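Secondary and tertiary structure notes
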Amino acid sequence: MSARTAAAAARARLEAAGVPDAAFEAEALTRHASGLSRAAFFAGAPIAAAAAERLEALLARRLRREPTPYLTGVREFHGLELAVGRGALIPRPETELLVELGLAELRERPRATVLDVGAGCGAVAIAVAVAEPRARVLATDVSADALRLAARNAARHGAAVSLARGHLAAAVARADVVLANLPYVPARAIDALQPEVRRWEPRLALDGGEDGLDLVRALLDDCGARLRPRLAAFEVGLGQAGPVAAHAAALGAETDVAHDLAGWERAVTARWR
Ligand SMILES: C[S@@+](CC[C@H](N)C(=O)[O-])C[C@H]1O[C@@H](n2cnc3c(N)ncnc32)[C@H](O)[C@@H]1O
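All values reported here derive from a predicted model rather than from experimental measurement.

Cut-offs and rules
- Note that residues are indexed from 1 along each chain, following the sequence as it is written.
- It should be noted that, the model being predicted, local features are given only for residues of pLDDT at least 70 and side-chain atom pairs only at 80 or more, the latter also being counted only at that level, while totals for whole chains, interfaces and linings use all residues.
- In computing side-chain values, all of the structure's heavy atoms are included and hydrogens and water are not.
- By nonpolar core we mean a set of buried residues, namely Ala, Val, Leu, Ile, Met, Phe, Trp, Tyr and Cys, connected to one another through side-chain atoms within 4.5 Å.
- A simple rule labels every residue: compare its accessible area, found with a 1.4 Å probe on the protein chains alone, to the largest value its type can have, and call it buried under 20%, exposed over 50%, or partly exposed in between.
- Secondary structure elements follow DSSP: runs of H or I no shorter than four residues count as helices, runs of E no shorter than two count as strands, and numbering proceeds from the N terminus.
- What marks off one domain from the next here is an automatic or database domain assignment.
- Nearness is judged by heavy atoms alone; a residue qualifies as near a molecule or strand once a single heavy atom is within 4 Å of it.
- The definition of a polar contact used here is a pair of N or O atoms within 3.5 Å, where within protein one atom must be able to donate a hydrogen and the other to accept one, and adjacent residues in sequence count solely through side-chain atom pairs.
- For accessible areas, the Shrake-Rupley method is used with a probe of radius 1.4 Å. Any residue's cover is judged against the shown protein chains and nothing else.
- Classification used: nonpolar for Ala, Val, Leu, Ile, Met, Phe, Trp, Tyr, Cys and Pro, charged for Asp, Glu, Lys and Arg, polar for all others including Gly.
- Any Lys or Arg side-chain nitrogen found within 4 Å of a carboxyl oxygen on Asp or Glu counts as a salt bridge.

Thoughts on the nonpolar core
- Residues Val 128 and Val 161 are the most contacted members of the largest nonpolar core, which totals 39 residues.
- At the level of secondary structure, the elements contributing two or more residues to this core comprise strand S2 (80-83), helix H6 (96-108), helix H7 (123-131), strand S4 (136-141), helix H8 (144-156), strand S6 (177-180) and strand S7 (231-235).
- With seven residues, the single largest contributor to this core is H7.

Re the side chain of Arg 65
- By the element assignment, Arg 65 lies in the loop between helix H4 (49-63) and helix H5 (68-72).
- Overall, the relative accessible area of 13% leaves Arg 65 in the buried class.

Some remarks on the domain arrangement of the protein
- Here the protein is partitioned into domain 1 (3-64) and domain 2 (85-271).
- A straight line from the C-alpha centre of domain 1 to that of domain 2 covers 34 Å.

Focus on the site of the ligand
- Among the 17 residues in the neighbourhood of the ligand, the closest are listed as Gly 118, Asp 141, His 167, Leu 168 and Asn 181.
- One of the backbone N or O atoms of Gly 118 is found 2.8 Å from a nitrogen atom in the ligand.
- The protein chains hide 95% of the 590 Å² of surface that the ligand would expose on its own.
- Per-class residue counts for the shell around the ligand are nine nonpolar, seven polar and one charged.

Structural notes on the pattern of salt bridges
- The tally for this structure, following the rule as stated, stands at 22 salt bridges.
- Ionic pairing is found between Glu 56 and Arg 13, a salt bridge with its closest N-O pair at 2.9 Å. One end of the pair, Glu 56, is in helix H4; the other, Arg 13, is in helix H1 (residues 3-16), with 43 residues separating them in the sequence.
- With relative accessibility at 35%, the residue Arg 13 sits in the partly exposed group.

Some thoughts on the environment of Ala 9
- Checked against the element boundaries, Ala 9 lands in helix H1.
- Residue Ala 9 is classed as partly exposed on the basis of its relative accessible area, which comes to 43%.
- The spatial distance from the C-alpha of Ala 9 to the C-alpha of Ala 159 is 41 Å, given a sequence separation of 150 residues.

Written as structure tokens, this is what we have:
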């Protein structure tokens, strides 16, 4: 049987189970199981028996709505292939905005100290360190599993990132730039998220308390009282930019809102002078 035929059968099963983007997912899983390039896949290369078995095992997991990056073990972020796993959130494309905001600040001060709070698999910190190796990059997380992945990813990309386990920025004495994609989903909204997220991604990476902003406010408070970074940038969800900017302004920061490629208010920046 050709790998394309196997993928078509996989697609039909994924579609029947209501998995979004079934065609794309079926191709990704079939190519992962078979190790075929896109060119070989589309040229009609056969799928070996062992690969067909691997595909079946992957499909069984995907049909339980386990996200594809947890099955393949990798995710691309800011042009880098990162190892991902159940101990950390799968990095999202919209979070690249935090990297861009950080890098824009580093253009004037390339040797600044950048702190990524809630680093997960290290996506933001590593992307910044790779793009601007002169920066001093630190990253924190409360999750030991996440930090293990971040260490693996930093080593894989030769990124000099200092990792520390701890609550928010508690382990850090100073930072010029603070970048944070902290949990910001309101606790009661988690059960309404798609199954890939609510069943498989760590609750610790999602749950931001009653209105989603408990940790964002706590880090802003620390920025205002102690760190006073030149730039702090926080990823936010729908409807959160206003309250976050207001909280930062009340702490004496100059604030702004940055939009993602889809036009959504996606990050709040706060500056202390
Ligand atoms: C939304 S995930 C973002 C991960 C990564 N920055 C990314 O964008 O892919 C939030 C991260 O914050 C971490 N976290 C949760 N509570 C924390 C706390 N109190 N202090 C530091 N990190 C925390 C979680 O373990 C998780 O890795």
